[in-house]
Amino acid sequence: MPNAKTHMLIGAGVSVTAVLLDKNKHPVSHHVVIAPVVGAVMGKLPDILEPAFHPNHRQFFHGVTVLTLLSAGLLKAYQWSPEEPFEKFIRGLMLMGGVAYLSHLICDASTLKGLPLLGKL
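Numbering of residues starts from 1 in every chain and runs along the sequence as written. With pLDDT at 70 or above as the cut-off, local features in this predicted model cover only qualifying residues; side-chain atom pairs require 80 or more to be listed or tallied, and sums for whole chains, interfaces and linings still use all residues. Computation of side-chain values covers all heavy atoms of the structure but excludes hydrogens and water.

Colleague: Looking at this structure, I do not really get the side chain of R58. What am I missing?
Modeller: Per the convention used, a helix needs a DSSP run of H or I reaching at least four residues, while a strand needs a run of E reaching at least two, with both numbered from the N terminus. Relative to the assigned elements, R58 resides in the loop between helix 2 (34–49) and helix 3 (64–79). Among the polar contacts listed, one links the side chain of R58 to the side chain of T111, at a separation of 2.9 Å. The term polar contact refers here to a pair of N or O atoms within 3.5 Å; inside protein, the definition further demands a hydrogen-donor-capable atom paired with an acceptor-capable atom, and it admits residues adjacent in sequence only when both atoms are side-chain atoms.

Colleague: Quick question: what am I supposed to make of the packing of aromatic side chains here?
Modeller: Each aromatic ring pair is described using two quantities: the centre-to-centre distance and the angle formed by the ring planes. When the centres of two rings from Phe, Tyr and Trp lie within 6.5 Å, Trp using its six-membered ring, the rings pair. Their planes under 30 degrees apart give stacked, over 60 give edge-to-face, and anything left gives tilted. According to the stated counting rule, one finds two aromatic pairs in the structure shown. Seen from their ring centres, F60 and F61 are 5.2 Å apart, and the 80 degrees between their planes marks the pair as edge-to-face. Exposure remark for F61: the relative accessible area of 34% places this residue in the partly exposed category. To sort residues, take the accessible area from a 1.4 Å probe on protein chains only and compare it with the maximum for the residue type: under 20% means buried, over 50% means exposed, and anything in between is partly exposed.

Colleague: Explanation requested: the layout of surface pockets in the structure shown.
Modeller: It is a probe the size of a water molecule, rolled over the atoms, that shows where empty space is left. Approximately 150 Å³ is the volume found for the largest pocket. Only protein atoms enter the calculation, which uses a 1 Å grid: trapped sets of points that fit a 1.4 Å probe without letting it out are cavities, open sets showing protein on both sides within 12 Å along at least five of seven lines are pockets, and any residue with an atom within 4 Å of a point is a lining residue. Forming the boundary of the largest pocket are V14, T17, A18, L21, D22, Y78, L95 and V99. Of all the elements in the fold, those that place two or more residues in the lining of the largest pocket are helix 1 (4–21) and helix 4 (85–109). Broken down by element, the lining of the largest pocket gets its largest block of residues, four residues, from helix 1. Following the grouping adopted for this structure description, the nonpolar residues are Ala, Val, Leu, Ile, Met, Phe, Trp, Tyr, Cys and Pro, the charged ones are Asp, Glu, Lys and Arg, and the polar ones are all others, Gly among them. For the lining of the largest pocket, the per-class residue count stands at six nonpolar, one polar and one charged. Grid points are joined across faces, edges and corners, and a volume is the space filled by probe spheres set on the points.

Laid out in structure tokens, this is it:
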């Protein structure tokens, strides 16, 4: 089962990958020093929102519903072509944070417990 360090490491890695592969870059949000920090924090965020105090901690923020909504949002963010520098900055943060959060859910989905469909709100 992935632990906090694993989630943070994978989150940092996928965030850096997102920054390197993105063609619509912003000089700050698409920086290879910023990406692993944002990725590490966002890769751990589901366990901050729903702490892993017991095996059944996975609820709404660890659910298939959030995974689906986040995937749809990431697709929209990726397709967005902002013109203004601030919008490019926001888009970069959305992509980095989104892929890191998504990596957490994918890691958890690969365990025996899996993810709940909706979970408790």
